[in-house]
Amino acid sequence: MEKEEKKIVNNGEEDEMEIYGYNQCRWKLVLVAIGVLCTGGFLLLLLYWMPEWRVKTTCKRTTLKDCEVVLLRTTDEFKIWFCAKVRIVRSLGTHPLQNPQCIVDKVSSGYGGHLCESPFEETSNNLNKYAIRYFTHHSIKYFWNDAIQSFDLIKGLDESISCTSIHNEHSTGLTKRMRDYRKLFYGVNEIGVKVPSIFKLLIKEVLNPFYIFQLFSVILWVTDEYYYYALAIVIMSVISIVSSLYTIRKQYIMLHDMVAAHSIVRVSVSRADQEIEEILSTDLVPGDIMVIPANGTIMPCDAVLVSGTCIVNESMLTGESVPVTKTNLPNPAEHPKAVGDETYSPEVHKRHTLFCGTSVIQTRFYTGELVKAIVVRTGFSTSKGQLVRSILYPKPTDFKLYRDAYMFLLFLVVVAGVGFLYTIVNSILNEVPAHTIIIESLDIITITVPPALPAAMTAGIVYAQRRLKKIGIFCISPQRINICGQLNLVCFDKTGTLTEDGLDLWGIQRVENARFLLPEERACSESLVKSQFVACMATCHSLTKIEGVLSGDPLDLKMFEAIGWILEEATEEETALHNRIMPTVVRPPKQLLPEPKPATNQEMELFELSATYEIGIVRQFPFSSALQRMSVVARVLGEKRMDAFMKGAPEVIASLCKQETVPDDFETILEEYTKQGFRVIALAHRKLESKLTWHKVQNINRDAIESNMDFMGLVVMQNKLKQETPAVLEDLHKANIRTVMVTGDNMLTAISVARDCGMILPQDKVIIAEALPPKDGQVARINWHYADTLSKCTNSSPAINSQDIPIKLVHESLEDLQLTKYHFAMNGKSFAVILEHFQDLVPKLVLHGTVFARMAPDQKTQLVEALQNVDYYVGMCGDGANDCGALKKAHGGISLSELEASVASPFTSRSPSISCVPNLIREGRAALITSFCVFKFMALYSIIQYFSVTLLYSILSNLGDFQFLFIDLAIILVVVFTMSLNPAWKQLVAQRPPSGLISGQLLCSVLSQIVICLGFQTVGFMWVKQEAWYEPWTTQSDACNLSTAADTNSSQHDNDTLHDEHNIKNYENTTVFFISSFQYLVVAIVFSKGKPFRQPCYKNVLFVVSVIVLYIFTFFIMLYPVESIDSFLELVCVPYQWRITILIIIIINAIISILVENVLLDMILWKVVFSRDKQGEYRLTIPQPPQDAVDHWRSCFISSLFVCRKKIPKAKYMHLAQELLVDPEWPPKPRTTTEAKAPRSQENGSYQIITVT
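Thresholds applied
Residues numbered from 1 in each chain as written. Predicted model: local features only at pLDDT ≥ 70, side-chain atom pairs only at ≥ 80, totals over all residues. Heavy atoms only, no water. Helix = DSSP H or I, 4+ residues; strand = E, 2+ residues; numbered from the N terminus. Buried < 20%, exposed > 50% of the residue type's maximum accessible area, 1.4 Å probe, protein only. Contact = heavy atoms within 4.5 Å. Areas by Shrake-Rupley, 256 points an atom, 1.4 Å probe, with all protein chains shown as cover. Pairing = 2+ DSSP bridges. Core = buried A, V, L, I, M, F, W, Y, C linked by side-chain atoms within 4.5 Å. Expected span 1.5 Å × (residues − 1). pLDDT = per-residue confidence, 0-100. Phe/Tyr/Trp six-rings, centres within 6.5 Å; stacked < 30°, edge-to-face > 60°. Lys NZ or Arg CZ within 6 Å of the ring centre and 35° of its normal. Salt bridge = Lys/Arg side-chain N within 4 Å of Asp/Glu carboxyl O. Patch = residues over 30% accessible without salt bridge, like charges linked within 9 Å, V, L, I, M, F, W, Y side chains within 5 Å.

Here the focus is the overall build of the chain. Helix and strand counts for the chain stand at 40 helices and 43 strands. For the chain, the proportion of its 1253 residues judged to be buried stands at 53%. Here the contacts in the chain between residues at least 6 apart in sequence split such that 75% fall between residues at least 24 apart. Accessible surface computed for the chain: about 57,300 Å², of which carbon and sulfur atoms make up 57%.

In structure tokens form, the structure reads like this:
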């Protein structure tokens, strides 16, 4: 076979994968079958766990064109393998959007194609049909594409289809035959979330490697007659499996119910012959024309509007329950000057696209003309389908703790292997029976790798999840709680997260004769009621009445409420009567109209006109985020000429107005408002020509309306900070956690809010990066501007109180000296240009980037990814509006919205307050430290017991069954489940817990305790043999000189004989048992650390009580032996003096363990050695100053950095910060430009940076 070059599917996408082709090989299958039989089915388990091995051991490599099985591997850092079976569908064509010439003949003869469920089904009499090969992966079908010689996704009408072709080619509808043809490719239009049966879930859960190991352990213990602990492990495993099954099935049912609600509805479609047919939504395919009913519906697919208008609630997707107006897709053929023949995209044309799962509330239509939408995507390809897929198939959690846990388990397996070999060799040398050798050597493995470890590790997370629930934070991904303990950067959405959800009208500033008037607080006054300014506020919006209640965009709503006008919409009957869309009418309340003077008969007509002053909205051009404006055509009752009103971003509106109407100080006034954090909207007006009739207005292009306007002034809105925002951000800063703002708002407003809430301190510099794409032969460039500091405008800013801005504490040490910091700010357009043309600059910019304004939803996700690429642990906090992707991508995403959009977020807060962020981090840190404590304790438990057994194996002895039971059940399980109960520390600290088990501090802690415990066990084991009274123990031994009953019954004698065979009862066993029992309790106390991440262990009442009771009981049976207990635990009587010696050994062991852990490691080693990591990390997360008078401090700082820390920091962002400290060109100087010059070879996508002043 010729080696085929590596193929990629989903190239450039998040789920990009390598793909390889294989065919089944019979002789390999036979060999594998033999292997499965020889290993008792274990090989089958290995192949089940590892798809790559499964395919490679049963198949041979071939080309993709001829393969029966495909092997897929993700190209991300996880490199996960999947396999899928290739199937065949027989069809009349090779592409769903083609119109095969033979389709009419073939289908009309009653033959529409069928799906071959078995691979490579051949049908000799269907020679005219194409065999289309495909496979299914993660609910998406991949079809063979001859053009690229690989498998590929088949798109609907959402890719490479022009707006013109949507109107001209796809707006006629499909015939039934064509629909059947397309359905072969696209399948059923359904987002199917199947709830697996309990049996399937059980099998999948039980086949987990840990449970298989537990099964092996239980079988071994039962063989060794160790029934009680085996039963305990079985009970624990059953409880764990049942709770896991309950949780998983509950989540499946919840997701199924969310998706199933309204997923199958009856819809009306328009066929090619204009006939209206009612079908099930599951039968829809891309290209179908769906008729939207007047009373609304739940969208079962993604569709683009081609006629009419819809009001839609998109809360399922965006988290915002504000209704959105959707208009029909403009036809470029009718407006050739408008946009040209651009390619349709659901994201770009979202104002014209109805998304699956969203609710159409009502429609607006022409009489006799239906509201129609063309289906563009179905099933899992829809926006809702993609959301559900991301929940069904989440990316694995990449966290150092879990990687290290597997490494540590591997280490324990190696240790177990050594013990295994030692046991076999020692037993053979001592001529032990083969049966005993097998059991004892395998037993050493179950001792070294504790089967209770998974349950013990889960306990801390379960307790943390319960504590989070109590404070109103719900978690659907418990494993992420530990990761939240490592967060060192949190991104915040602005509106609704840092600030209040709604806007309040602060005031208006009108323009007359190209000059600004003084600001006015109220817009609803008699003097202004008939002004064009108020008319613009009354008409230029997208508000609508839904069941009598005014609803729409919050900003529009606030502006309309501020003038106190009344909105009335035409009923369906009125619309039908007038044979056109009746205009929406707005009018002021009567009390606002000027008091009429006593009128004469001649003035009566004028009086009636003034008394019924109202404005009809004739045409609406909805708000476009790309254009940053909206406009309307309106007509005042009684006026002959119509008016055009426009509102939007001030800079955009000013550019569309006659320059003589724009005040000279426009930019100055605007900058003053935006610096104070106000949201500013500009208004403009123009009288339209009298020749423009109602009919012409309905067909006019918006560019013809939105030009030569008269600038009317500014509406100033206030977006207040939430009360708790500054305090929460101050807590995060004190804890050395970076904060970043990601918003869709204006940049200057965002910078102002960042200063207000303390994200940017008063003395800090803000550098605005304005990136421009390549244009007219010029390369891409970045212009650098330094924004003015807040202190320059605080005198004219009464809205901001400088006392409200938290000041970060200056650290005492020279290395942590607080220097003037700099922050980068940029908008979404600049961010996109930098990502594309300045890839080398991205890490430097995100290292100090604090404000990212005008960011689109996908750009928020890209930013989170860019931050993760420099090794930040990123948290994301948003209100669910457009934050879904970022919430999923972040290490810890927390949604402040309980709407359906939050199902993608690992955490959801019941209260819409960012105070949940520090709470989540505190609980995450507590859970992480608990995981470390439990893991360290379980590791020590394994090693202590392993060494105890190894020592006793050397004299052909062992611990007794009930000794094992006492240690495993009474001590270990009780301690491990109570030591996890410590609550989180009450405040965040600057120190962060280690991220992995393999770190200097943790390894020193574990290794030092191992050495201490092994040392004291060895001392006890060797010392007892040196005692004068010592002799090898027999049933007649009596080291205590205690009188024993001479008569013993036969059963007792038989038991003693049995014990002699196992050699359990001896002085070494009793000594090792007592010393090791106390060692478990000592290391439990040593490892149960409190401050600074958890409450002290003495506040954990259950743990304290458990340890005290176990101490008392163990001391009691050691110092005051009770014959029945000794007999039960198979202990022998030793002299009282030796008991006191054991007590002294235990006390010295405890003192040394506590001193080494709490004094030597925590106070000396941690502060001298490991604190450099902490200080370096803190130091490096503080952005450094530009070229100011700090060179002296910088040189000191650098020298101390490299003298104290010779190793390179592990985190990329820390390493990068070190490099930037010695870079004289960074940060960029003000009023300079950085150009990107593409080199000759762009293989690595690198760019040469040229800075131009």
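Another point: unusual backbone geometry. A cis amide bond links Trp 1226 to the next residue, Pro 1227, at an omega of 0°. Here Pro 1227 shows up in the loop between helix H40 (1212-1221) and strand E42 (1232-1237). Despite not being glycine, Asp 871 shows a phi value in the positive range, around 75°. Mapped onto the elements of the fold, Asp 871 is located in the loop between helix H29 (857-869) and strand E39 (874-878). The class for Asp 871 is partly exposed, based on a relative accessible area of 29%. In this model, Leu 956 sits at a positive phi of 60°, which is unusual for a non-glycine residue. Note on placement: Leu 956 falls in the loop between helix H31 (916-953) and helix H32 (961-978).

Moving on, we get to the sheet that holds strand E11 (residues 266-270). Read from one edge of the open sheet, six strands run E12-E11-E13-E20-E15-E18, paired in antiparallel fashion. Pairing within the sheet leaves two strands with one partner each, and these edge strands are strand E12 (276-280) and strand E18 (353-354).

So, on to the nonpolar core. Counting residues in each nonpolar core, the largest one holds 94 residues, and the members touching the most others are Tyr 229, Phe 937, Met 938 and Val 975. Residue contributions to this core peak at 18 residues, all from H31. The residues touching Val 975, leaving out its near neighbours within four places in the chain, are Phe 937, Leu 1081, Ala 1084, Phe 1103 and Leu 1110. Membership of the second largest hydrophobic core comes to 44 residues, among which are Ala 735, Ile 760, Ile 914 and Val 917.

Right, let's talk about the side chain of His 137 for a bit. Position of His 137 among the secondary structure elements: in strand E8 (residues 130-137). Its relative accessible area of 7% is what places His 137 among the buried residues. Once residues lying within four places of it in the same chain are set aside, the contact partners of His 137 are Met 17, Leu 72, Phe 82 and Tyr 142.

A word on H31. Between the first and last C-alpha of H31 there are 54 Å, a value that for 38 residues agrees with the 56 Å anticipated at 1.5 Å per step. Counting buried positions along H31 yields 36 of 38 residues, so the element is predominantly enclosed.

In the predicted model, the chain carries a mean pLDDT of 78, and the fraction of residues at 70 or more is 81%. Segment residues 789-819: pLDDT under 50, and 54 contacts once partners within four positions in sequence are set aside and those in other chains are kept.

Let us now look at the packing of aromatic side chains. Enumeration over the complete set of coordinates arrives at 31 aromatic pairs. Here the aromatic rings of Phe 135 and Phe 151 are separated by 5.1 Å at their centres, their planes lie at 70°, and the arrangement is edge-to-face. A residue pair is termed long-range when its members are at least 10 positions apart, and Phe 135 in strand E8 and Phe 151 in strand E10 (residues 150-153) qualify at 16 residues. Between the aromatic rings of Tyr 822 and Phe 824, the centroid separation amounts to 5.7 Å while the plane-to-plane angle is 80°, which identifies the pairing as edge-to-face. You'll find Tyr 822 and Phe 824 in the same group, each marked buried. Aromatic rings pair up to connect Tyr 134, Phe 143, Tyr 181 and Phe 185 into one cluster. The lysine or arginine in question, Lys 844, covers the ring of Trp 1226, its NZ or CZ lying 5.3 Å from the ring centre. Its end group placed over the ring of Trp 985, Lys 986 keeps NZ or CZ at 4.0 Å from the ring centre.

The subject of this paragraph is the sheet that holds strand E31 (residues 643-648). Within the open sheet, the nine strands sit side by side as E24-E23-E33-E32-E31-E30-E29-E28-E27. Their pairing is antiparallel. What marks the edges here is a single partner per strand, and that holds for strand E24 (515-516) and strand E27 (566-568).

What follows deals with the pairing of strand E4 (residues 69-74). Counting buried positions along E4 yields five of six residues, so the element is predominantly enclosed. Summarising the sheet, strand E2 (residues 17-24) and E4 pair through six bridges and their orientation is antiparallel. Among the inter-strand pairings, Tyr 20 is bridged to a residue of E4, identified as Leu 71. Counted along the chain from E4 to the antiparallel partner strand E5 (residues 81-85), the turn is six residues long, and its residue Lys 79 has a positive phi close to 50°.

Taken as a whole, this structure holds 25 salt bridges when the rule is applied. Of the charged contacts in the structure, one is a salt bridge between Lys 687 and Asp 643, with a shortest N-O distance of 3.3 Å. One end of the pair, Lys 687, is in strand E32 (residues 678-687); the other, Asp 643, is in strand E31, with 44 residues separating them in the sequence. Across the pair Glu 730 and Lys 734 runs a salt bridge, and its minimum N-O distance is 3.8 Å. Here Glu 730 pairs with Lys 734, and both are found in helix H25 (residues 725-734), just four residues apart, close to one helical turn.

A surface patch of nonpolar side chains, about 450 Å² in accessible area, is lined by Met 407, Leu 410, Ile 998, Leu 1003 and Leu 1007. Looking at the nonpolar patch, the elements that each hand over two or more residues are helix H12 (400-429) and helix H33 (1000-1026).

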